[in-house]
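One letter stands for each residue in the lines below.
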Amino acid sequence: MRPPESATPRPAGPNEAKVDCKSDSSYCRERKGEIVRNETSLVADAQRRVLGALMRDPKEVLQLAQKLGLTAQHFPDRGLGRLWKMVLARVQQGLATDVVAIESDRFGLGTIDPEKDHIMRTLTSASLDPANSAGSFEENARLVMGAGTVATSTTSSEKIIFEPEAVYYDGPSGKYLVDAGDYFRTYGRKTPVVTGVQRHFVTIDDLDAKEAKQAARDAVADAEVDRHVEWSGSLAGHRKGLIQSADGKPMLVLTSPALPEPKPGAFPVISGFIREAFPDPTQKTIFMGWLAGSYRSVKAGVHHPAPMLCLAGKPNAGKSLLAFVVKQVMGGRSANPHNAWSGGLVWNDDLFSSELLLLDDCQGSTDHRSRMNFASAFKESIYSDEVQLRKRNTSSLSARPVWRVMVCCNDTPENLLVLPPINSDTSDKVILLKTENITPPVNTSTPEGKQALRRMIIDELPAFVNHLDGFKVPDELSDSRSGVMAWRHPELVEAIESMKPEARLEEILSTAFSSYLWEDLPATLTANEIESRLLHRDSPVQVQAKSLFGTWSAACGTYLGRLADGDSPIIEPAEADRHLKVRRFFVKK
């Protein structure tokens, strides 16, 4: 049996709906609307009351049914009424109320196929008589019968009704958007929207069919003008509803992030993961500070720039498990920005619906320009006041999604190439943590084990985010701009340094010096002269140099400049040729 929904019950039950329509027709129409619409508080109250009684004491159901007036007469069909009486009778006798038990007892209902859940399908597809009841007891019956969630057919008392003010129109796509409670439902045609609004006028305003149809058409036409939006979709960190773009255009956010509600408590499984992954207290504090800032940012719906978080470790060490925890803490939505940020994709609208931009075991690129594109796109997306939203077949809009970027990769130098180059522009924008192996509390080699572990994590999330909400980064590890400093593990920094293109060029030059092409060293040469010698057909490093430079004509000069400006033992800056405006380099063995 499912646990009861948490809600404060109303003092009155469905019998409130029994009014004298002759004496108060307006009140009757208002009540009629509440009766038919299955979202009414009266129905929800009856459902929660009966469920709560079942959880406390099954015998209390009888008293509650009598108090609320829930009898077999609420069902217009006699067979369904007998079925409801049967359930109450079994509760009274202390007997089981599941489908198989009822089938075995029969109660004069004939042969019932338990595999097809005939009783459940019959009972849950029934509607209560609107003259006697405040709504459908579908959820009550499902819970009493113990059959879980069952697909049911929509009946007259469960018809979907659209408030006219809940209809919006997306002009660029020509779609209608209707507020369905937790999200906006999308319709590509006008007809179903008019039908839903027509039901509103029939039920609530008591119009006849002809008047209601015309009123619905007028209401939808008004929505196309008055509630026209330039963009619709989910926007990271923003709650469902109408907002404005940076240039004042109306935008409709269709869903909200599913943030865990903070509650005091313990979270031994999650804390065990973090403790095993980061035995170094500094790394643990950096991770917790970054994650705490991410949660607060999404919770407030305000973007707060923060460094890219990279977790690097051995294969199967548990990095993806930590990424799953981060994803749930930030609202349960993630997207991969690698293609959009590396220049491989023009459109970026798929990223706007996810708070966490996650690169998990992506293949790094040896092309330096691709990595530079990634670095530039990352800085623009995270550290700017607004981001341009590029969607197919529509004009671009500017908005500010609430984003954080996380990378999970192996700790080998070639795998670390997925990161943007760490230089003076990005040194304060990348956190690099080395993770150790995580041992899960359950065997995750089977689907059942993985599912069990996920349930453990989900159960602990309220207590964990409650802890994050109050987490404070120590002053020595904090940053005035992002809240947490861009700390990097020394071993990983060394691995990245070894893969820098200028470091590879220095190694290639050291090998090339054995050739006769370099017998004149030491010498002062331009970048073109050095590149020509490296790519000469007699050069022993021709293939390596060609691979390093690729198709970028300025690659050699750029890498030589970095070596000359650093502490390279073989490349030093030389006086530039002012006449040709060419930089020269002093090359020595």
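Residues numbered from 1 in each chain as written. Predicted model: local features only at pLDDT ≥ 70, side-chain atom pairs only at ≥ 80, totals over all residues. Heavy atoms only, no water.

**Some remarks on the overall build of the protein chain**
And step 1. Counting secondary structure elements, the protein chain contains 20 helices and 17 strands.
And step 2. Evaluated residue by residue, the protein chain yields a buried proportion of 47% over its 589 residues.
And step 3. Accessible surface, the protein chain as shown: approximately 29000 Å² in total, 48% of it carbon and sulfur. (Helix = DSSP H or I, 4+ residues; strand = E, 2+ residues; numbered from the N terminus. Buried < 20%, exposed > 50% of the residue type's maximum accessible area, 1.4 Å probe, protein only. Areas by Shrake-Rupley, 256 points an atom, 1.4 Å probe, with all protein chains shown as cover.)

**Some words on the side chain of Asn-410**
And step 1. Checked against the element boundaries, Asn-410 lands in strand β13 (residues 404-410).
And step 2. Owing to a relative accessible area of 18%, Asn-410 belongs among the buried residues under this scheme.
And step 3. The contact partners of Asn-410, leaving out residues within four places of it in the chain, are Ala-312, Gly-313, Lys-314, Pro-315, Lys-319, Asp-361, Asn-415 and Leu-416. (Contact = heavy atoms within 4.5 Å.)

**Describing the packing of helix α8 (residues 191-203) against helix α9 (residues 209-226)**
And step 1. For the pair α8 and α9, interaxial distance at closest approach is 8 Å and the crossing angle is 125 degrees. Classified by the angle between their axes, α8 and α9 sit oblique to one another. α9 is crossed by α8, and the crossing has right-handed handedness. Contacts between α8 and α9 involve Val-193, Val-194, Val-197, Gln-198, Phe-201 and Val-202 from the first element and Ala-209, Ala-212, Lys-213, Ala-215, Ala-216, Arg-217, Ala-219 and Val-220 from the second.
And step 2. Residue classes in the contact of α8 with α9 are distributed as 11 nonpolar, 1 polar and 2 charged. (Axes fitted to C-alpha atoms, helices over the stretch in contact; angles between N-to-C directions. Parallel < 35°, antiparallel > 145°, perpendicular 65-115°, else oblique. Left-handed = near helix turned anticlockwise from the far one by under 90°. Nonpolar A, V, L, I, M, F, W, Y, C, P; charged D, E, K, R; others polar.)

**Thoughts on the environment of Ser-297**
And step 1. Here Ser-297 is to be found in helix α11 (residues 281-300).
And step 2. Overall, the relative accessible area of 6% leaves Ser-297 in the buried class.
And step 3. In sequence terms Ser-297 and Val-402 are 105 residues apart; their C-alpha atoms lie 7.1 Å from each other.
And step 4. A polar atom in the side chain of Ser-297 sits 2.5 Å from the backbone oxygen of Val-302. (Polar contact = N/O pair within 3.5 Å; in protein donor to acceptor, adjacent residues only side chain to side chain.)

**Comments concerning the pattern of salt bridges**
And step 1. Applying the stated criterion across every chain, the model contains 13 salt bridges.
And step 2. Two residues, Asp-520 and Arg-533, come together in a salt bridge whose shortest N-O distance is 2.8 Å. Residue Asp-520 is located in the loop between α17 (501-512) and β15 (523-526), and its partner Arg-533 is located in helix α18 (residues 527-534); the two are separated by 13 residues in the primary sequence.
And step 3. One salt-bridge network, in which partners are shared between bridges, spans Lys-314, Asp-411 and Lys-434. (Salt bridge = Lys/Arg side-chain N within 4 Å of Asp/Glu carboxyl O.)

**Things to note about the sheet that holds strand β2 (residues 175-179)**
And step 1. The 4 strands lie next to each other as β3-β2-β1-β4, forming an open sheet whose pairing is mixed. If you trace the sheet from one side to the other, it starts and ends with β3 (184-187) and β4 (228-229), each paired once.
And step 2. Looking at chain direction, β2 and β3 are connected through 4 bridges and run antiparallel. Across the sheet, Asp-179 pairs through a bridge with Phe-184, a residue of β3. (Pairing = 2+ DSSP bridges.)

**Focus: the pairing of strand β14 (residues 430-434)**
On a regular strand, each side chain points to the face opposite its neighbour's, so the side chains alternate between the two faces of the sheet.
And step 1. The buried count for β14 comes to 5 of 5 residues, which makes it a mostly enclosed element.
And step 2. Burial along β14 is two-sided: the residues Val-430, Leu-432 and Lys-434 and Ile-431 and Leu-433 are all buried.
And step 3. Bridge count between strand β8 (residues 308-313) and β14: 5 bridges; the pairing is parallel. Among the inter-strand pairings, Leu-311 is bridged to a residue of β14, identified as Leu-433.

**Structural notes on the environment of Ile-431**
And step 1. Residue position: Ile-431 is located in strand β14.
And step 2. The class of Ile-431 is buried, set by a relative accessible area of 0%.
And step 3. Separated by 56 residues in sequence, Ile-431 and Trp-487 place their C-alpha atoms 5.2 Å apart.
And step 4. If near-sequence neighbours (up to four positions away) are discounted, Ile-431 is found in contact with Ile-286, Trp-290, Pro-307, Met-308, Leu-309, Cys-310, Val-484, Met-485, Ala-486, Trp-487 and Arg-488.

**Considering the pairing of β2**
And step 1. Summarising the sheet, strand β1 (residues 167-170) and β2 pair through 4 bridges and their orientation is antiparallel. Across the sheet, Tyr-168 pairs through a bridge with Leu-177, a residue of β2.
And step 2. Connecting β2 to the antiparallel partner β3 that follows it, the hairpin turn spans 4 residues, and Gly-181 within it adopts a positive phi of roughly 100 degrees.

**Remarks on α8**
And step 1. Between the first and last C-alpha of α8 there are 18 Å, a value that for 13 residues agrees with the 18 Å anticipated at 1.5 Å per step.
And step 2. Val-193, Val-194, Gly-196, Val-197, Gln-198, His-200, Phe-201 and Thr-203 are the residues of α8 that are buried. (Expected span 1.5 Å × (residues − 1).)

**Points about the nonpolar core**
And step 1. Residues Phe-287, Trp-290, Val-329, Met-406, Leu-433, Ile-457 and Phe-464 are the most contacted members of the largest nonpolar core, which totals 48 residues.
And step 2. Broken down by element, the residue count for this core peaks at 8 residues, all from α11.
And step 3. Counting 38 residues, the second-largest nonpolar core is a separate cluster that includes Met-251, Phe-374, Tyr-383 and Leu-492. (Core = buried A, V, L, I, M, F, W, Y, C linked by side-chain atoms within 4.5 Å.)

**Regarding the packing of aromatic side chains**
And step 1. The final tally for this structure, using the stated rule, is 11 aromatic pairs.
And step 2. Measuring from ring centre to ring centre gives 5.1 Å for Phe-278 and Phe-287, while their planes differ by 35 degrees; the resulting arrangement is tilted.
And step 3. One aromatic cluster is present, formed by Trp-341, Phe-374, Phe-378 and Tyr-383 through successive ring pairs.
And step 4. Against the face of Trp-290 rests Arg-404, its NZ or CZ located 5.8 Å from the ring centre.
And step 5. Across the ring face of Trp-518, the terminal group of Arg-533 is positioned such that the distance to the ring centre comes to 5.1 Å. (Phe/Tyr/Trp six-rings, centres within 6.5 Å; stacked < 30°, edge-to-face > 60°. Lys NZ or Arg CZ within 6 Å of the ring centre and 35° of its normal.)

**Quick word on the sheet that holds strand β10 (residues 356-360)**
One key point about sheets: their strands pair by backbone hydrogen bonds, in either a parallel or an antiparallel sense.
And step 1. Pairing is parallel across the open sheet formed by 5 strands, whose spatial order is β9-β10-β13-β8-β14. Each of the sheet's edge strands pairs with one partner strand only, and the pair in question is β9 (334-335) and β14.
And step 2. In the sheet, β10 pairs with β13 via 5 bridges, with the strands oriented parallel. In the sheet register, Leu-358 faces β13, and the bridge partner there is Met-406.
And step 3. Lying on the sheet, α11 is in contact with β8, β10, β13 and β14; it crosses β14 at an angle near 130 degrees.
And step 4. Here helix α16 (residues 490-498) sits on the sheet and contacts β8 and β14; the angle it forms with β14, its principal contact strand, is near 115 degrees.

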